[in-house]
Amino acid sequence: MMRGCTPQEYVEALLIVFRKFNNIVTNNLSNDRNFIDALDRAMTKMVNSAGDTKKYPRSSELLVRHSDHILRKGNKNMTLSEIEDQLRNFIDLFKYVEDKDLFQRFYSKKLANRLIHNTSVSIELEEVAISGLKDRCGYEYTSPLQRMLIDMKVSEDLTKEFDQHLLQKEEKLGVVFSVNILQSGAWPFSSNTGTSDDEKAVGLEFRIPQELAGCIEKFKTFYGKKYNGRRLRFVFTLSNGTVQLSYTSRQYTITMSVHQLAVLLLMNDSPAKTRLEIEEGVGLEKGELDKVLHTLVDSKLIKLDSEKYAINTDYVNKKSKFKLPSSTVKEKEEKEVEQTHQSVEEDRRLYIQAAVVRSMKSRKQLSHNELIQQVINLSKDRFTPSVAMIKKCIEVLIEKQYLERNSEQKDMYKYLA
């Protein structure tokens, strides 16, 4: 059922099955508890089946992508009540997902993208969706998601306060400037997001365009006086800007990444530049610069001629207002899915090890089967660990001398203080 289908088709197929048998249980079987439980078990098995992928269940990924489709701007054919109905269906199916930790990771990334790039239908609907997840899994599960919404509200108020501060001082920036202040622990970004390891290795550092540098310095000063002791770290890989083209016969308004914007602004000063000149001018490592140049050339905003890049003054587009993609959607999604699975697998190993230590510390001695069952019980609200993974974690802890096998009974483990 999963191969080749869209998230919307996947969810609709699940809902058709659920509604059919739920109607039978409700109308023909008097909501008998045994039949309700049987339907729940069947739905759980179907939702968490890996299908023909032979890798892992894709239910978390597909459900989150479906919710992203609902909550993202652009659903002009859907009324508010229809969106709310879709969200209720989404929450009903979420009940059957076993990999709650994986779902949370996917959901937080999609939510972060909607909030940062201002593509959410509304904060109110985001709150409705998070409230539904909270009802199923509790406050702790949705706490990081709610903190992200709070950050956006605080950032909006802070931007207004910064604008008022500039007005009082009679200072002008020359551009419309806004900043999102994100708590690093709440948002699903790695601690080294920003300058990559490759950039650090070759001594490169992104050079902020002069048109933006003054804005950033003024905001840093304002923020530093307001919150003494706090440190700001600008993450340009997540930043974007909107520009108007003044050299074309028709006016275009384009939203693009700050890296793409930096290249275009750099080329304002010269009719043509070599790749090396651009690299030195913007301070991006080879891989990132190649992607930026590829999207700009592919979109025909700049042209490559005799190994030199130049602005395309004959640029034409049917749309007068649009967003420039930073990479292909498919490439981005595949990479994100793989990274998310790897990250969750590592978190699960650490969680299982902590669960083993907690169980052994309280009981001091447990049989192999008892310990396995204890760990499964402790983990079931987040994910269903495989016995093989638990065994590997036990071996790791034996090597670290947190526990040992009983010399007289090999299927018994003893806790080492």
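Residues numbered from 1 in each chain as written. Predicted model: local features only at pLDDT ≥ 70, side-chain atom pairs only at ≥ 80, totals over all residues. Heavy atoms only, no water.

Q: Would you mind showing me how to read the overall build of the chain here?
A: For the chain, the count of helices and strands is 15 helices and nine strands. Considered along the principal axes of its C-alpha atoms, the chain spans approximately 80 × 60 × 50 Å. Relative to its 417 residues, the chain shows a buried fraction of 40%. In the chain, of all internal contacts separated by at least 6 residues, the share reaching a separation of at least 24 is 66%. Element-wise, carbon and sulfur atoms account for 49% of the exposed surface of the chain, whose accessible area totals about 24400 Å². (Helix = DSSP H or I, 4+ residues; strand = E, 2+ residues; numbered from the N terminus. Buried < 20%, exposed > 50% of the residue type's maximum accessible area, 1.4 Å probe, protein only. Contact = heavy atoms within 4.5 Å. Areas by Shrake-Rupley, 256 points an atom, 1.4 Å probe, with all protein chains shown as cover.)

Q: Got a minute to help me understand helix H1 (residues 7-27) in this structure?
A: The α-helix winds at 3.6 residues per turn, so residues separated by three or four positions along the chain end up facing the same way. The end-to-end C-alpha separation of H1 is 30 Å, in line with the 30 Å expected for 21 residues at 1.5 Å each. Taken residue by residue, H1 has Pro7, Tyr10, Val11, Leu14, Leu15, Phe18 and Val25 as its buried positions. Taken around the axis of H1, the buried residues stretch over an arc of 120 degrees, which confines them to a single face. Exposed positions of H1 whose direction lies more than 90 degrees from the buried face are Ile16, Lys20 and Asn27. Turning to H1, the residues buried within the fold contact helix H2 (33-47), helix H3 (59-71) and helix H4 (80-94). (Expected span 1.5 Å × (residues − 1). Arc of directions from axis to C-beta.)

Q: Looking at this structure, how should I read the sheet that holds strand E1 (residues 240-245)?
A: Strand pairing in a sheet is mediated by backbone hydrogen bonds. Such pairs are either parallel or antiparallel. Ordered in space as E1-E2-E6, the three strands form an open sheet in which the pairing is mixed. Because the sheet does not close on itself, it has two edges, and the strands there are E1 and strand E6 (321-323). Across the sheet, the mean angle from the axis of one strand to that of its neighbour is 20 degrees, orientation sign disregarded. Direction of pairing for E1 relative to strand E2 (residues 252-257): antiparallel, over a ladder of six bridges. In the sheet register, Val243 faces E2, and the bridge partner there is Ile254. (Pairing = 2+ DSSP bridges. Axes fitted to C-alpha atoms, helices over the stretch in contact; angles between N-to-C directions.)

Q: Explain the side chain of Asp68 to me, please; I cannot follow it from the model alone.
A: Position of Asp68 relative to the elements: it lies in helix H3. By relative accessible area, which is 8% here, Asp68 ends up buried. Sequence-distant contacts of Asp68, that is, excluding residues within four places in its chain, are made with Lys110 and Arg114.

Q: Can you walk me through the packing of helix H14 (residues 368-379) against helix H15 (residues 387-399) in this structure?
A: Helices that pack against each other are described as a pair by the angle of their axes relative to one another and the distance between those axes. The geometry of H14 relative to H15 is characterised by a closest axis approach of 11 Å and an angle of 110 degrees between their N-to-C directions. One way to sum up the angle between H14 and H15 is to call them roughly perpendicular. Crossing of H14 against H15: the hand is right-handed. Facing His368, Leu371, Ile372, Val375 and Ile376 of H14, the residues of H15 in contact are Val387, Ile390, Lys391 and Ile394. Residues of the contact of H14 with H15, tallied by class, amount to seven nonpolar, one polar and one charged. (Parallel < 35°, antiparallel > 145°, perpendicular 65-115°, else oblique. Left-handed = near helix turned anticlockwise from the far one by under 90°. Nonpolar A, V, L, I, M, F, W, Y, C, P; charged D, E, K, R; others polar.)

Q: What should I look at first to understand the environment of Ser143 in this one?
A: Mapped onto the secondary structure, Ser143 falls in helix H7 (residues 139-169). Assessed through its relative accessible area of 15%, Ser143 is described here as buried. Separated by 233 residues in the primary sequence, Ser143 and Ile376 place their C-alpha atoms 24 Å from one another.

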